[in-house]
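Structural overview
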Amino acid sequence: MTAETAEIISYQAPDTADDYRRWDDSASWLLGYSFLPLALGLTEGRATRLLDLGCGPGDVTRWLAERSDAVITAVDSSAAMIDFARADAPHPRIDYRHSEDGLPFLADGSMDAAMACFLFTCVDDESTIRDLITEVARVVRPGGRFTILVPNPDHASGAEFEGFRRGDAGAAYRAGELMPVHVQRTDGTWTTITNRYWTRETYRTALTKAGFEGPVRELAPVHADAVDLADPELFAGRAWIKERTAAPFLLITAVK
Ligand SMILES: C[S@@+](CC[C@H](N)C(=O)[O-])C[C@H]1O[C@@H](n2cnc3c(N)ncnc32)[C@H](O)[C@@H]1O
């Protein structure tokens, strides 16, 4: 596949949405999702109103509902993903909503916090990223947090993380360029999808322009950081070679 002939992955197609559920997301759990409660400041006993934008099949959404008292609105533009989420990851404190155009059903300032996990690398242009973040800024109350979990832009030259490699070896990508991402399924087979490469600056600028202010905190966890946060079996269950020295993901948290 070349960047010229490739198209960015879309999860609108039911087959693609279904395949996503078969990817080995162990690294995402170890060094991404496990850090969300910390980044978002979720605590038990507080009914944080949380938006999950681009919730996909809902497994992360449900995990957060189970380990906090958050009341979650989970939104995705793929009807297939929302169908999977409603069927496979239901929870009394999660409202799954299908929306291809923003968050018209949420009032201004109605959310205490928001998150978007692995959403922006499957968004085609910077103006859409800005529109999405502006819509999140509208619905988050003053003082509320917004955490975005993204692949680490520093490791887009084929670094061999558990279950995935982003970019081609030796390649350097510019913001907005298409890049191949090789992902392993839980059955051991691999597939190659196409994402857009975005930089830290892309995200920081979009957050600032949307009205997020105050401290912007960034976490770039490596294996040792996950010792008290991730599932102990997952932490100890693999070699996690690259993950010991390189952070595969970034969590960028901004405050409204
Ligand atoms: C890579 S998946 C991540 C799913 C989930 N957050 C996770 O971490 O497993 C990206 C999701 O974002 C959704 N998405 C893409 N563009 C969107 C948009 N404009 N509004 C809402 N969801 C969107 C896709 O349909 C897909 O389900």
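The rules behind each value
Note that residues are indexed from 1 along each chain, following the sequence as it is written. Where local features are concerned, this predicted model is filtered to residues with pLDDT of at least 70; where side-chain atom pairs are given and counted, the filter is 80 or more; whole-chain, interface and lining totals use all residues. Heavy atoms from the whole structure form the basis of all side-chain values; hydrogens and water molecules are not counted. Put simply, DSSP marks the helices as runs of H or I at least four residues long and the strands as runs of E at least two long, and each gets a number from the N terminus on. Values of the radius of gyration come from C-alpha atoms, whereas the globule rule sets the reference at 2.2 Å times the count of residues to the power 0.38. Working definition: with a 1.4 Å probe on protein chains only, accessible area under 20% of the residue-type maximum means buried, over 50% means exposed, and in between means partly exposed. The charge count treats Lys and Arg as positive and Asp and Glu as negative. His and the chain ends do not count. Charge positions come from single atoms, namely NZ of Lys, CZ of Arg, CG of Asp or CD of Glu. By convention in these notes, a residue is near a molecule or strand provided one of its non-hydrogen atoms lies within 4 Å of it. In protein, a polar contact means a hydrogen-donor-capable atom and an acceptor-capable atom, both N or O and within 3.5 Å, with residues adjacent in sequence counting only if both atoms are side-chain atoms; elsewhere, any N or O pair within 3.5 Å suffices. Charged residues are taken to be Asp, Glu, Lys and Arg, nonpolar residues to be Ala, Val, Leu, Ile, Met, Phe, Trp, Tyr, Cys and Pro, and polar residues to be all remaining types, Gly included. Whether two strands pair depends on DSSP finding at least two bridges between them. Lines fitted to C-alpha atoms define the axes here, with helix axes fitted over just the stretch in contact, and angles between the N-to-C directions of these axes take values from 0 to 180 degrees. UniProt positions are given in the numbering used here, feature names are shortened, and annotations may be inferred rather than shown by experiment. Only rings of Phe, Tyr and Trp enter the pairing, Trp through its six-membered ring, and a pair is recorded when the two centres are within 6.5 Å. The plane angle decides the type: under 30 degrees is stacked, over 60 is edge-to-face, the rest tilted. Our definition puts a charge over a ring when NZ of Lys or CZ of Arg is within 6 Å of the ring centre and also within 35 degrees of the ring normal. The path from the first strand over the helix to the second decides the hand: if it runs clockwise while the strands point away from the viewer, the crossover is right-handed. Here a residue-residue contact requires only that any non-hydrogen atoms of the pair lie within 4.5 Å.

Description of the overall build of the chain
Along the backbone of the chain there are eight helices and ten strands. The C-alpha radius of gyration computed for the chain amounts to 17 Å, which stays within 12% of the reference 18 Å derived for 256 residues, consistent with globular compactness. Considered along the principal axes of its C-alpha atoms, the chain spans approximately 45 × 40 × 35 Å. Burial analysis of the chain (256 residues in total) assigns 52% to the buried set. In the chain, 26 positive and 39 negative side-chain charges are present, and the distance between their average locations comes to 5 Å.

Examining the site of the ligand
Residues in contact with the ligand amount to 16 residues; listed here are only the nearest, Tyr-20, Tyr-33, Gly-54, Asp-76 and Cys-117. Contact distances for the ligand include 2.7 Å between an oxygen atom and a side-chain N or O atom of Tyr-20. The side chain of Asp-76 places a nitrogen or oxygen atom 2.6 Å from an oxygen atom of the ligand. Of the residues in the shell around the ligand, the class split is eleven nonpolar, four polar and one charged.

Regarding the sheet that holds strand β8 (residues 190-196)
Taken in spatial order, the three strands of this open sheet run β6-β7-β8, and their pairing is antiparallel. Of all the strands in the sheet, just β6 (164-166) and β8 have a single pairing partner and so form its edges. When strand polarity is set aside, the average angle formed by the axes of neighbouring strands in this sheet is 20°. Note: β6 against strand β7 (residues 178-184), three bridges, orientation antiparallel. Opposite Phe-164, over in β7, you have Val-183 as the bridge partner.

Thoughts on the UniProt feature "domain: Methyltransferase" (unreviewed entry) in the chain
UniProt records the feature "domain: Methyltransferase" (unreviewed entry) for residues 51-144 in the present numbering. The distance from the first to the last C-alpha atom of residues 51-144 is 11 Å, and the span holds 34% helix and 28% strand.

Section: the packing of aromatic side chains
Throughout the structure, instances matching the rule amount to eleven aromatic pairs. Consider the rings of Trp-29 and Trp-63, whose centres lie 5.3 Å apart with planes at 80°: the pair is edge-to-face. With a gap of 34 residues between them, Trp-29 in helix α2 (residues 26-31) and Trp-63 in helix α4 (residues 59-66) connect regions that are remote in the sequence. Since its relative accessible area comes to 22%, Trp-63 is described here as partly exposed. Ring pairs connect the aromatic residues Trp-29, Tyr-33, Trp-63, Phe-118, Phe-161, Phe-164 and Phe-249, which therefore count as one cluster. A cation sits over an aromatic face here: Arg-97 above Phe-105, 4.2 Å from the ring centre.

Focus on the pairing of strand β1 (residues 49-53)
Summarising burial for β1: four of the five residues are buried, a large majority. Here β1 pairs with strand β2 (residues 71-76) via five bridges, running parallel. Directly across from Leu-51, in β2, lies its bridge partner Thr-73. Handedness of the crossover joining β1 and β2 through α4 is recorded here as right-handed. With three bridges joining them, β1 and strand β4 (residues 111-117) adopt parallel strand pairing. The residue of β4 that forms the bridge with Asp-52 is Met-115.

Description of the environment of Asn-195
Turning to its location among the elements, Asn-195 is positioned in strand β8. Residues Asn-195 and Leu-178, spaced 17 residues apart in sequence, show a C-alpha to C-alpha distance of 5.7 Å. Sequence-distant contacts of Asn-195, defined by excluding residues within four places in its chain, comprise Ile-8, Ile-9, Thr-121, Arg-166, Glu-177, Leu-178, Met-179 and Val-181.

Considering unusual backbone geometry
At Phe-118, a position not held by glycine, the phi torsion is positive, near 55°. Relative to the helices and strands, Phe-118 resides in the loop between β4 and α6 (126-139). Overall, the relative accessible area of 18% leaves Phe-118 in the buried class. Positioned with a positive phi, Trp-240 is a non-glycine residue whose angle comes to about 45°. Summarising the element assignment, Trp-240 is placed in the loop between α8 (232-236) and β10 (249-255).

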